[in-house]
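Chain by chain, the residues:
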There are 2 protein chains.
Amino acid sequence: MADVTTTRPETPPAARSRTGRRAGDSGTRDRILEAARGRFADHGFAGTTIRAVAADAGVDPALVHHFYGSKDDLFAAAVALPIDPDLLPAVVAGDPAKVGERFVRFYLGLWEDPTIGPTLLAVFRSAVSHDRAAALLREFVSARLLQRVAGELRRADGSPVDDAERRVALAASQLVGVGLVRYVVGVPQLRDADLERVVADVAPTVQRYLTGDLPA
Amino acid sequence: MADVTTTRPETPPAARSRTGRRAGDSGTRDRILEAARGRFADHGFAGTTIRAVAADAGVDPALVHHFYGSKDDLFAAAVALPIDPDLLPAVVAGDPAKVGERFVRFYLGLWEDPTIGPTLLAVFRSAVSHDRAAALLREFVSARLLQRVAGELRRADGSPVDDAERRVALAASQLVGVGLVRYVVGVPQLRDADLERVVADVAPTVQRYLTGDLPA
């Protein structure tokens, strides 16, 4: 276990514990992951198959499934984003008038979690520094997060919102920014503020983006 | 000129043209800048003197003034942020009801400018990747940008706003985020959107942060 932890410190413990692999697998796992990153960055999520990743890595497709599960799971591992997209519909579900608050609290909670925050920082750093990592994150956000959340968005009366993907992208811009200013750059006015005050300040922004009236 | 351009591509043309230096100065200039970065990162803006920077660089203080002007100018050069803080009061001045829109348009205009956008990206990249660059940017934002803007903020009736620095930090979180999502990660829903639509979507957020009612 120690070698894997050392070479891939960005992998959250939750992702490490469910694969049941033996010592000696890590070279193959890394090769598959590297092949997946190349495929997803160059061809996007839709244009990538497990079969192509397996061919690039020189392994049997069954081994990719064995190590990483579905294409969804492989993609999440390639991006190394410590967010399970399956959690997001639960954040969206519930009172539409409070979806902004739920989102901000969920997101800031990830940063505040000592097992997740450093991983989030690592993803930020690589997306900002490397074009391929930016391409992966872009694909992950636009093909997975945005669609997953956008499909669930509802107005207070239960009707679907218009322009759902644009709304989620705007919400993401505020969330990304508050994460960067509070946790990465550490501007004192936000870094030292009580978490609940930041939630209260920022939630109306996310609420307006997700369910409010936007310019036509 | 060519050697300087090659070694310091992040310096905007405007900053390069007013120093009147000769070929051969660039080693000294770089040493001064390096010393300034160390001082500002370790001691902050207030705790840094031109004299101390000169001592660290092994040059006469007059040479620091000759190359970089005031401490303000030296700080801006150290951060390499292509924004002249003196421009900001002009963005804040004018109809308080439109300050959000002016700010978003000014900021996105920097990203869209082909001579400034790449520099902004370089500043982002180093602040996210390097702790010292983050410390410099944090100090620049909190000691210069925030105070400069906060002191000018007015409500519609001309009265000063409460919590001005908290307001500007929140506005910065939205601006930083939209810059990152549109220009760095390039999420298509924001990257491909018409500039004026992004201004219209985001301006109300910045307006609320700067002059609206925030939770107590």
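Bear in mind the structure is a predicted one, so any value in this text is a computation, not a measurement.

Re the overall build of chain A
Alright, step 1. Per the secondary structure count, chain A includes 13 helices and zero strands.
Alright, step 2. Tracing chain A from N to C terminus, the helices and strands come up as α-α-α-α-α-α-α-α-α-α-α-α-α.
Alright, step 3. Looking at the 216 residues of chain A, the share that counts as buried comes to 54%.
Alright, step 4. Sequence separation of 24 or more characterises 64% of the internal contacts of chain A that already satisfy a separation of 6 or more.
Alright, step 5. Of the roughly 9300 Å² of accessible surface on chain A, 54% is carried by carbon and sulfur atoms.

Quick word on the pattern of salt bridges
Alright, step 1. For the structure on display, the rule yields 22 salt bridges over all chains.
Alright, step 2. In this structure, Asp-162 of chain B and Arg-155 of chain B form a salt bridge, with 3.1 Å as the shortest nitrogen-oxygen distance.
Alright, step 3. Three or more residues joined by partner-sharing salt bridges are found here, namely Asp-163 and Arg-166 of chain A together with Arg-197 and Asp-201 of chain B.

Structural notes on the relation of the copies chain B and chain A
Alright, step 1. For the pair chain B and chain A, the superposition axis carries a translation of 0.0 Å, the fit reaches an RMSD of 0.1 Å, and the rotation angle comes to 180 degrees. The symmetry that links the two subunits is that of a two-fold axis. Among all residues of chain B, the minimum C-alpha distance to the rotation axis is found for Gly-177 of chain B, at 1.8 Å.
Alright, step 2. Take the interface residues of chain B: 100% of them recur as interface residues in chain A, which is what a same-surface contact looks like.

Here's the deal with the packing of aromatic side chains
Alright, step 1. Per the counting criterion, the structure on display carries eight aromatic pairs over all chains.
Alright, step 2. Plain terms: the ring middles of Trp-111 of chain B and Tyr-183 of chain B are 5.1 Å apart, the flat faces sit at 0 degrees to each other, and that makes the pair stacked. Remark: Tyr-183 of chain B occurs in helix α11 (residues 164-184) and Trp-111 of chain B occurs in helix α8 (residues 99-112); sequence separation between them is 72 residues.
Alright, step 3. By the ring-pair criterion, three or more aromatic residues cluster together here, those being Phe-40, Phe-75 and Phe-140 of chain A.

Re the environment of Ala-52 of chain B
Alright, step 1. Locating Ala-52 of chain B in the fold gives a position in helix α4 (residues 50-57).
Alright, step 2. Owing to a relative accessible area of 15%, Ala-52 of chain B belongs among the buried residues under this scheme.

What to know about the interface of chain B and chain A
Alright, step 1. At the interface, 42 residues of chain B touch 42 residues of chain A.
Alright, step 2. Roughly 3500 Å² is buried in total at the junction of chain B and chain A, and carbon and sulfur atoms are behind 62% of that figure.
Alright, step 3. Linking chain B with chain A are two salt bridges.
Alright, step 4. Here Arg-166 of chain B makes a salt bridge to Asp-201 of chain A, at a shortest N to O gap of 2.7 Å.
Alright, step 5. Across the chain B-chain A interface, the total number found is 15 residue pairs in polar contact (both at pLDDT 80 or more).
Alright, step 6. Mapped by element, the contributors of at least two residues to the side of chain B that touches chain A are α9 (117-129), α10 (131-150), α11, α12 (188-191) and α13 (195-211) of chain B.

Cut-offs and rules
- Residues numbered from 1 in each chain as written.
- Chains lettered and ligands numbered in written order.
- Predicted model: local features only at pLDDT ≥ 70, side-chain atom pairs only at ≥ 80, totals over all residues.
- Heavy atoms only, no water.
- Helix = DSSP H or I, 4+ residues; strand = E, 2+ residues; numbered from the N terminus.
- Buried < 20%, exposed > 50% of the residue type's maximum accessible area, 1.4 Å probe, protein only.
- Contact = heavy atoms within 4.5 Å.
- Areas by Shrake-Rupley, 256 points an atom, 1.4 Å probe, with all protein chains shown as cover.
- Salt bridge = Lys/Arg side-chain N within 4 Å of Asp/Glu carboxyl O.
- Least-squares fit on C-alpha atoms with pLDDT ≥ 70 in both.
- Phe/Tyr/Trp six-rings, centres within 6.5 Å; stacked < 30°, edge-to-face > 60°.
- Buried area = accessible area lost by both parts, 1.4 Å probe.
- Polar contact = N/O pair within 3.5 Å; in protein donor to acceptor, adjacent residues only side chain to side chain.

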